[in-house]
Amino acid sequence: MNYYSLNHKAPNTTFKNAVIKGIAPDKGLYFPETITALPKSFFDSIDNLSHSEIAFEAIKQFVSPEIPEEILKTIVEETLSFDFPVVKLNKNISTLELFHGPTMAFKDVGARFMARCLGYFNQNNDREVTVLVATSGDTGGAVANGFLGVKGVNVVILYPSGKVSDIQEMQLTTLGQNIKALEVHGTFDDCQDMVKTAFLDEALTSQMQLTSANSINVARWLPQLFYFMFAYKQLHKQHKDIVFSVPSGNFGNICAGMMAQQLGLPIKHFVASNNANNVVTRYLISQLYEPKPSIQTISNAMDVGAPSNFIRIQEIYKNNFDALKSNLTSYSYSDKETKEAMLEMYKNYNYVADPHGAVGYLGCKDYLKEKPNAHCVFLETAHPTKFLDVVEEVVQVKQALPSQIQSVMGKEKESTIISTYDDLKAFLLKK
Ligand SMILES: *Cc1c(COP(=O)(O)O)cnc(C)c1O
């Protein structure tokens, strides 16, 4: 598959190049030249397919011919070595739990897939690749874990100081080896801007091969389309009109869901559930796309003022506002509403959700007021204990820590504090 830049001022390129470069030379995000729907027989027989078989068929067209089929099979099997259960809360609402991986947030799948692709492309290459990544909380840990010990790859993670949870911080600052953490005085948007500036800085890119492991990277973004298929497999026998409510920040996950729909997956509708960072909610009302500086909330992985993947969503709908609006609804919720939702789920269904999942749950509830016959699945994007302070404060019950969380507790934090782009540049050049 070849990819084009959404800024249309750079040459089309291969999957391999798109993964290694991360972003096109004209600053555009890469997008696949074609999307070929899977045959109806694939969805009809989905019950007989394993997660790896589903994923293999779904991703094949996007990575071939540069990753041979046998290698791809191994990559998806290794990537997906944990569960993706759907838990039913009531007859209209279920949750798809995406937190059973090593860092307990959904980003594990994209990070593990990308790390393996890059490892494959880099196996006979003596030029090291530096993965530069900005995190609003969970990406950093997932990328650190996914790339730990991958030969020929150095990872540099930028995170906003004081704006990620303690556990998130430990996950990205304690691994050592080829992983370095930079603690930025600023917001997630500042981190993201620095990363984008670095990619365009020839003084840097002439010295080192830089790539990104944010969802702007196609190998991080596309594997997320698997989730929607896994949920469909578990629900399609009982429910016809399946709607997904996706707690959204950079809009990579929901955009991947829309790619699954383009592949033919029968999804009725999408709900983009936002916290106070609601540029898309406002856009769908006003048709004015007005990014704003990000606001800090308790669902910090969604504190994104300028969602980078929204441009891919626009591309899927060919920049047709009405087409987009007929398939996407968006709501925005305050921290207070989010906490109330967490308490409500705990009281009514004995379900402990994290703040991001709770935002998704609220999106389902509002959507069902419009379409009471739908079945709404909200994505539970992180394990509640990643946000221990808020969760325990709301449900008033001490939470048991899963082994994945326990394993990082009490390890020594290693990070370098930076404030400006020049600090970042100096750090990268001195290595
Ligand atoms: C990253 C993240 C999100 C937002 O996903 P996007 O793809 O950026 O929209 C939501 N919830 C959690 C827990 C996350 O880590």
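See the structure printed just above.
Numbers given for residues are sequential positions, taken from 1 along each chain in its written order. In keeping with the model being predicted, local features are shown solely for residues with a pLDDT of at least 70 and side-chain atom pairs are shown and tallied solely at 80 or more, while totals for entire chains, interfaces and linings include all residues. Side-chain figures throughout are based on the complete set of non-hydrogen atoms in the structure, without hydrogens or water.

**Student:** I tried to follow the overall build of the protein chain on my own but got confused; where do I start?
**Tutor:** In terms of regular secondary structure, the protein chain is built from 20 helices and 14 strands. Overall, the protein chain is about 55 × 50 × 45 Å in size when its C-alpha atoms are taken along their principal axes. Only protein chains enter the accessibility calculation, which uses a 1.4 Å probe; a residue whose area is less than 20% of its type maximum is buried, one above 50% is exposed, and one in between is partly exposed. Of all 431 residues assigned to the protein chain, the portion counted as buried reaches 61%. The contact definition used throughout considers only heavy atoms, calling two residues in contact when any of these lie within 4.5 Å. Considering only intrachain contacts with a sequence separation of at least 6, the fraction spanning at least 24 residues in the protein chain is 76%. Accessible surface is estimated by sampling points in the Shrake-Rupley manner with a 1.4 Å probe; for residues, cover comes only from the protein chains shown. Roughly 16,500 Å² of accessible area belongs to the protein chain as shown, and the carbon and sulfur atoms make up 49% of that amount. Charge counting treats Lys and Arg as positive and Asp and Glu as negative, with His and both chain ends excluded. Every charge is mapped to an atom, namely NZ of Lys, CZ of Arg, CG of Asp or CD of Glu. Taking the 40 positively charged and 45 negatively charged side chains of the protein chain as two groups, their mean positions are separated by 3 Å. Every helix listed is a DSSP run of H or I at least four residues long, and every strand listed is a run of E at least two residues long, numbered separately from the N terminus.

**Student:** I'm lost on the environment of Glu97 in this one. Help?
**Tutor:** Summarising the element assignment, Glu97 is placed in strand 5 (residues 93-97). Once the C-alpha coordinates of Glu97 and Asn7 are considered, the two residues, 90 residues apart in sequence, prove to be 35 Å apart. The contact partners of Glu97, leaving out residues within four places of it in the chain, are Asp83, Phe84, Pro85, Val87, Tyr351 and Glu380. Of note is the side chain of Glu97, whose polar atom sits 2.8 Å from the side chain of His100. Among the polar contacts listed, one links the side chain of Glu97 to the side chain of Tyr351, at a separation of 2.6 Å. N or O atoms within 3.5 Å of each other form a polar contact, as long as, within protein, one can give a hydrogen and the other can take it, and as long as residues adjacent in sequence are counted only when both atoms are side-chain atoms.

**Student:** I'm lost on the pairing of strand 11 (residues 269-274) in this one. Help?
**Tutor:** Regular strands have side chains that alternate between both faces of the sheet. Burial within strand 11 is extensive, with six of its six residues counted as buried. Residues His269, Val271 and Ser273 of strand 11 are buried on one face, and the alternating residues Phe270, Ala272 and Asn274, pointing to the opposite face, are buried as well. At least two bridges found by DSSP between two strands is the condition for calling them paired. With five bridges joining them, strand 10 (residues 242-247) and strand 11 adopt parallel strand pairing. In the strand pairing of strand 11, Val246 is matched with Ala272. Orienting the strands away from the viewer, one traces the path from the first strand over the helix to the second; a clockwise path indicates a right-handed crossover. Handedness of the crossover is the feature at issue here: the chain leaves strand 10, passes through helix 12 (residues 252-262), returns alongside strand 11, and the resulting connection is right-handed. Direction of pairing for strand 11 relative to strand 12 (residues 328-332): parallel, over a ladder of five bridges. If you follow Asn274 over to strand 12, its bridge partner there is Ser332.

**Student:** How do you make sense of the site of the ligand when you look at a structure like this?
**Tutor:** We call a residue near a molecule or strand whenever a single non-hydrogen atom of that residue lies within 4 Å of it. Around the ligand sit 15 residues in total, of which Lys107, Asp138, Gly249, Asn250 and Thr381 are the nearest. Contact between the ligand and Gly249: an oxygen atom at 2.8 Å from a main-chain N or O atom of the residue. At a separation of 2.8 Å, an oxygen atom of the ligand approaches a polar backbone atom of Asn250. Burial of the ligand by the protein chains amounts to 98% of its free accessible area of 380 Å². The classification used treats Ala, Val, Leu, Ile, Met, Phe, Trp, Tyr, Cys and Pro as nonpolar, Asp, Glu, Lys and Arg as charged, and all other residues, Gly among them, as polar. Of the residues that constitute the shell around the ligand, the class distribution is six nonpolar, seven polar and two charged.

**Student:** Sorry, what's going on with the state of the cysteines here?
**Tutor:** Simply put, disulfide is the name for a covalent bond between the sulfur atoms of two cysteines. Note on terminology: disulfide denotes any pair of cysteine sulfur atoms within 2.5 Å. Tallied over the entire structure, the rule returns one disulfide. Paired by a disulfide, Cys364 and Cys376 hold their sulfur atoms 2.1 Å apart. For the disulfide bridge between Cys364 and Cys376, the dihedral angle about the S-S bond is near -75 degrees, and by the sign convention the bridge is left-handed. Pair noted here: Cys364 is in helix 17 (residues 355-370) and Cys376 is in strand 13 (residues 375-380), with a separation of twelve residues, a long-range link. Cysteine Cys255 remains unbridged, with the sulfur of Cys117 as its closest cysteine sulfur at 18 Å.

**Student:** What's the story with the sheet that holds strand 3 (residues 30-32) in this structure? I'm lost.
**Tutor:** Strands in a sheet are paired, the pairing made by backbone hydrogen bonds, and the direction either parallel or antiparallel. Strands sit in the order 2-1-3 across an open sheet of three strands; the sheet is antiparallel. Here the strands that pair on one side only, and so sit at the sheet edges, are strand 2 (13-14) and strand 3. Where strand 1 (residues 2-5) and strand 2 come together, two bridges link them in antiparallel fashion. Bridge pairing in strand 2 links Asn2 to Thr14.

**Student:** Which parts of the structure should I look at to understand unusual backbone geometry?
**Tutor:** For residues that are not glycine, phi is negative in most cases, and the peptide bond is trans in most cases. Geometrically, the link from Ser64 to Pro65 is a cis peptide bond, its omega value of 5 degrees lying close to zero. Residue His8 is not a glycine yet carries a positive backbone phi of 60 degrees. Structurally, the position occupied by His8 is in the loop between strand 1 and strand 2. Under the relative-accessibility criterion, His8 is labelled exposed at 56%. Not every positive phi belongs to a glycine, and Gln287 is a case in point at roughly 65 degrees. In this structure, Gln287 sits in the loop between helix 13 (279-286) and helix 14 (310-316).

**Student:** Honestly, the pattern of salt bridges in this entry has me stumped. Any pointers?
**Tutor:** It is possible for side chains of opposite charge to pair when their charged atoms get near one another. Salt bridges are defined by distance alone: a side-chain nitrogen of Lys or Arg within 4 Å of a carboxyl oxygen of Asp or Glu. Under the definition given, this model contains 16 salt bridges. Residues Asp44 and Lys40 are paired through a salt bridge, measuring 2.9 Å at the closest nitrogen-oxygen approach. Here Lys40 and Asp44 lie together in helix 2 (residues 40-44), a separation of four residues that amounts to about one turn. Comparing Asp44 with Lys40, the two get one shared label, exposed. Of the charged contacts, one joins Lys240 and Asp241 as a salt bridge, the two residues approaching to 3.9 Å between their closest N and O atoms.

**Student:** Would you mind going over the packing of helix 16 (residues 335-349) against helix 17 with me for this structure?
**Tutor:** The packing of two helices is summarised by the inter-axis angle and the distance between the axes. Interaxial distance between helix 16 and helix 17 falls to 8 Å at its minimum, and their mutual angle equals 80 degrees. Classed by the angle they form, the pair helix 16 and helix 17 counts as roughly perpendicular. The residues of helix 17 that touch helix 16, namely those facing Glu337, Thr338, Ala341, Met342, Glu344, Met345 and Tyr349, are Pro355, Ala358, Val359, Tyr361, Leu362 and Lys365. Taken together, the residues of the contact of helix 16 with helix 17 break down into nine nonpolar, one polar and three charged. Orientation is described by lines fitted to C-alpha atoms, with helices fitted over the stretch in contact, and by angles between N-to-C directions that extend from 0 to 180 degrees. Orientation categories follow fixed angle ranges, with anything under 35 degrees roughly parallel, anything over 145 roughly antiparallel, 65 to 115 roughly perpendicular, and all other angles oblique.

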